[in-house]
Amino acid sequence: KMGAFWQEEVVYQIYPRSFMDSNGDGIGDLRGIISKLDYLKELGVGIVWLSPVYKSPNDDNGYDISDYQDIMDEFGTMDDWEELLHGLHERGIRLIMDLVVNHSSDEHSWFQESKKSKDNPYRDFYIWKPGKGDGSEPNNWVSFFGGSAWQYDEVTDEYYLHLFSKKQPDLNWENPRLRRAVYDMMTFWLEKGIDGFRMDVINCISKAEGLPSAGDDKYAWGGEFFLCGPRLEQYLKEMNEEVLSKYDVMTVGEMPGVTPELAARYTDPANKELNMVFHFETMDIDAGEGGKWNFTKWKLADLKAVTNKWQYGLNGRGWNSLYLNNHDQPRMVSRFGDDTVYRKESAKLLATFLHTLQGTPYIFQGEEIGMTNVKFDNIDQYRDIETLNFFKEAVHDGGMPVEQAMAAIYAKSRDNARTPMQWNESKHAGFTTGEPWIGVNPNFKEINVEDALRDKDSIFHYYKKLIQLRKQHPIMIYGDYDIVAEEHEQIYAYTRTWRNEKWIVILNFSDREAEFTLPEKLEEYRSGSQLIISNYENVTERPISEWNLRPYEARVYRLV
Ligand code: ISL
Ligand code: CA
């Protein structure tokens, strides 16, 4: 090993509610995860990121926490959690927990106290403000989930800030007592032996002085005043010094709106802040005017441009996290590949992309078997608060035709990622013996784990191979990235270079054949190449420099 574990291992994200139900109540749980640990071992991942399992009223599926140091009843007990941690460690897999400290639940005891009176000792754990002269909200910010980011509370005749739902009041990081409480809570989990944290919207914790309105409209997006705010780095450094530096653990901070310039600073080891961040620039390439719901067709040129910025931008300074989907995003094969004719080919192509860039790959549960987006007939079958709020605002309040709203939901709803994991072809895909909390994708008979394990040629086995290759070839982890044939309209190709070694990755992102010619700058390699991996059979290994790629064909060669 030459680097840190978080550079060399692949991460697997588990969304517990949808992973595996052990007791037939239709809700995934910790014992369900425990029953699938050998599956994770078989895949070869080295780190599990567990989405929140803490006590929560589930307004936002656990991202609204009412007790940070206890387990949600539906998911099990602290003993179950200990057993999970032990079971993972036994298999050489690390565990990172979700740290959701931009906000808590309004049912957290801190908030219950805070709302009681203006001089309650917990008042300043949250962000309270009186209304404007006319009684309206303190500023015009809208929340991530739609509507004003302020909620009026009559007990003290003030508003509290909530960047997400009104059941997720923002914590006040200006308050050193709040920060101390968070650090103690983090220490509690680290002392139990966890291996790090994924930090939820961690770049929202520092708000601009005075909480200014964003322009003159009644309601507006105020991101410039709370994304990567003035004291963010101060808080991250303090957290590092007070807590993280005492353990050999990893951190990845979720950061909407972050740029490569800022991320290079946050993840530069010399700055002692974070190991990696999740940026949103790839996720935004299909967002139209006005945000995610008004989507457009993404362009390969944009994928290249964004990836270039991050690959060149962090090289030798910080470290990239690599993901194409998670519990908030559509399924990657439906979004960036083809989930009909070329589902297997395109899922493998995207996997090749993720595992051959510089950085740490993150796999979201089900991605490794090519799970797809879902289309439920009726809005009542959706569960996600963001989706339901959008439907209500767009259709009921805005008059958008239902079909148009549903088309947006089919493409972008977070519930695309949250349908139950498809384990086998039995009822409810083997996820539960009861009624699942959200419908199973009807394609589970064709797409499921049991099938994937049986089929040597499956997406699962391809992931397994990529993960193994990454363990054998440091160039996949550390090699410098350099794009080639940037103008090509179908193919995304790049080299990786490390010490005396050079690889080329050639990805046909289209459903048509495509031609690729080795560019001038690689002239010296015309005589030879060795195939490392491909998603098609019968790939020539002859030393040639002109390649014909089939639809969604992916090839990785060592250039010699
Ligand atoms: O999901 C999104 C886009 O559809 C984002 O706006 C998302 O809300 C944002 O990236 C923050 O996500 C994180 O914090 C939220 C939670 O709902 C998400 O599940 C979580 O990943 C609030 O805790
Ligand atoms: Ca259960």
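Residues numbered from 1 in each chain as written. Chains lettered and ligands numbered in written order. Predicted model: local features only at pLDDT ≥ 70, side-chain atom pairs only at ≥ 80, totals over all residues.

A short note on the sheet that holds strand 20 (residues 529-534)
Note the following rule: Pairs of strands are assigned from DSSP output, requiring at least two bridges between the strands. In this description a helix means any DSSP run of H or I spanning at least four residues, a strand means any run of E spanning at least two, and both kinds are numbered starting from the N terminus. A fitted line through C-alpha atoms represents every axis, and for helices the fit uses only the stretch in contact; the resulting angles, taken between N-to-C directions, go from 0 to 180 degrees.
A sheet is described by the order of its strands in space; here 5 strands give the open sequence 16-17-18-22-20, paired in antiparallel fashion. Both outer strands of the open sheet, strand 16 (480-484) and strand 20, are each paired with one neighbouring strand and no more. Taking the axes of each pair of neighbouring strands and ignoring which way they run, one obtains an average angle of 25° across the sheet. Where strand 18 (residues 501-508) lies against strand 22 (residues 554-559), 5 bridges are found, and the strand directions are antiparallel. Among the inter-strand pairings, Ile 506 is bridged to a residue of strand 22, identified as Arg 555.

Points about the pairing of strand 16
With 5 bridges connecting them, strand 16 and strand 17 (residues 491-498) associate as antiparallel partners. Of the residues in strand 17, the one forming a bridge with Ile 483 is Tyr 494. Linking two consecutive strands that pair antiparallel, namely strand 16 and strand 17, is a turn of 6 residues; a positive phi of about 45° is found at Ala 485 within it.

What about the UniProt feature "domain: Glycosyl hydrolase family 13 catalytic" (unreviewed entry) in the chain?
Here is the rule: UniProt positions are given in the numbering used here, feature names are shortened, and annotations may be inferred rather than shown by experiment.
Sequence positions flagged by UniProt for "domain: Glycosyl hydrolase family 13 catalytic" (unreviewed entry) are, in local numbering, residues 13-418. Its end C-alpha atoms 12 Å apart, residues 13-418 is made of 30% helix and 14% strand.

Here we look at the packing of helix 11 (residues 343-355) against helix 15 (residues 459-472)
Quick note on the threshold: Any angle that is under 35 degrees is reported as roughly parallel, and any over 145 degrees as roughly antiparallel; angles of 65 to 115 degrees are reported as roughly perpendicular and all others as oblique. Left-handed describes a crossing whose near helix is turned anticlockwise from the far helix by less than a right angle; the clockwise case is right-handed. Any two residues are considered in contact once their C-beta atoms, placed from the backbone, lie within 7 Å.
Between helix 11 and helix 15, the shortest axis-to-axis distance is 10 Å and the interhelical angle comes to 15°. Considering their axes alone, helix 11 and helix 15 lie roughly parallel with respect to each other. Remark: the crossing between helix 11 and helix 15 carries right-handed chirality. On helix 15, the residues touching Lys 344, Ala 347, Lys 348, Ala 351, Thr 352 and His 355 of helix 11 are Ile 459, Tyr 462, Tyr 463, Leu 466 and Arg 470.

Brief notes about helix 4 (residues 78-90)
How we decide: Expected span of a helix: the number of residues minus one, times 1.5 Å. With C-beta atoms placed from the backbone, the exposure class of a residue follows from how many other C-beta atoms lie within 10 Å of its own: 20 or more, buried; 12 or fewer, exposed; in between, partly exposed. An arc is given here, and it is the one of the directions from the helix axis to the C-beta atoms.
With 13 residues, helix 4 extends 18 Å between its outermost C-alpha atoms, agreeing within 8% with the 18 Å of an ideal straight helix rising 1.5 Å per residue. For helix 4, the set of buried residues is Trp 81, Leu 84, Leu 85 and Leu 88. Projected down its long axis, helix 4 carries its buried residues within an arc of 95°, all on one side. Set apart from the buried face of helix 4 by more than 90 degrees, the exposed residues are Asp 79 and Glu 90. In this fold, the buried residues of helix 4 make contact with helix 2 (30-34), helix 3 (37-43), strand 2 (47-50), strand 4 (67-71) and strand 5 (94-99). Directly beyond the C-terminal end of helix 4, a positive phi value near 75° is found at Gly 92.

Here's the deal with the domain arrangement of the chain
What counts here: What counts as a domain boundary in this text is fixed by an automatic or database domain assignment.
When its domains are assigned, the chain resolves into domain 1 (9-103 + 251-462), domain 2 (109-161) and domain 3 (476-559). Look at where the C-alpha atoms of domain 2 and domain 3 centre, and you get two points 56 Å apart.

Focus on the sheet that holds strand 7 (residues 150-153)
Strand order in this open sheet of 3 strands is 6-8-7, and the pairing throughout is antiparallel. The open sheet has two free edges, formed respectively by strand 6 (128-129) and strand 7, since each of these has just one partner strand. In terms of strand pairing, strand 7 meets strand 8 (residues 158-161) through 4 bridges, oriented antiparallel. When the sheet's bridge partners are listed, Trp 150 is paired in strand 8 with Leu 161.

A few points about the nonpolar core
The following threshold applies: To form a nonpolar core, buried Ala, Val, Leu, Ile, Met, Phe, Trp, Tyr and Cys residues must be joined through C-beta atoms within 7 Å.
Of all hydrophobic cores here, the largest spans 141 residues; its most connected members are Val 45, Val 48, Val 277, Leu 350 and Leu 507. Each residue touching Val 48, except ones within four places of it in the same chain, is listed here: Tyr 12, Ile 14, Leu 40, Leu 88, Ile 93 and Leu 95. Counting residues in hydrophobic clusters, the runner-up holds 8 residues, among them Trp 293, Tyr 382, Phe 390 and Ile 409.

Some remarks on the environment of Ser 334
You can see Ser 334 is positioned in helix 10 (residues 332-336). Each C-alpha atom, one on Ser 334 and one on Glu 82, is 36 Å from the other, the two residues being 252 residues apart in sequence. Setting aside its immediate chain neighbours within four residues, Ser 334 contacts Asp 339, Thr 372 and Asn 373.

Some words on the pairing of strand 18
When you tally the buried positions in strand 18, you get 7 out of 8 residues, the bulk of the element. Bridge count between strand 17 and strand 18: 8 bridges; the pairing is antiparallel. Bridge pairing in strand 18 links Tyr 494 to Val 505. If you look at the hairpin formed by strand 17 and strand 18, you'll find 2 residues sitting between the two strands, and Arg 499 has a positive phi there, around 50°.

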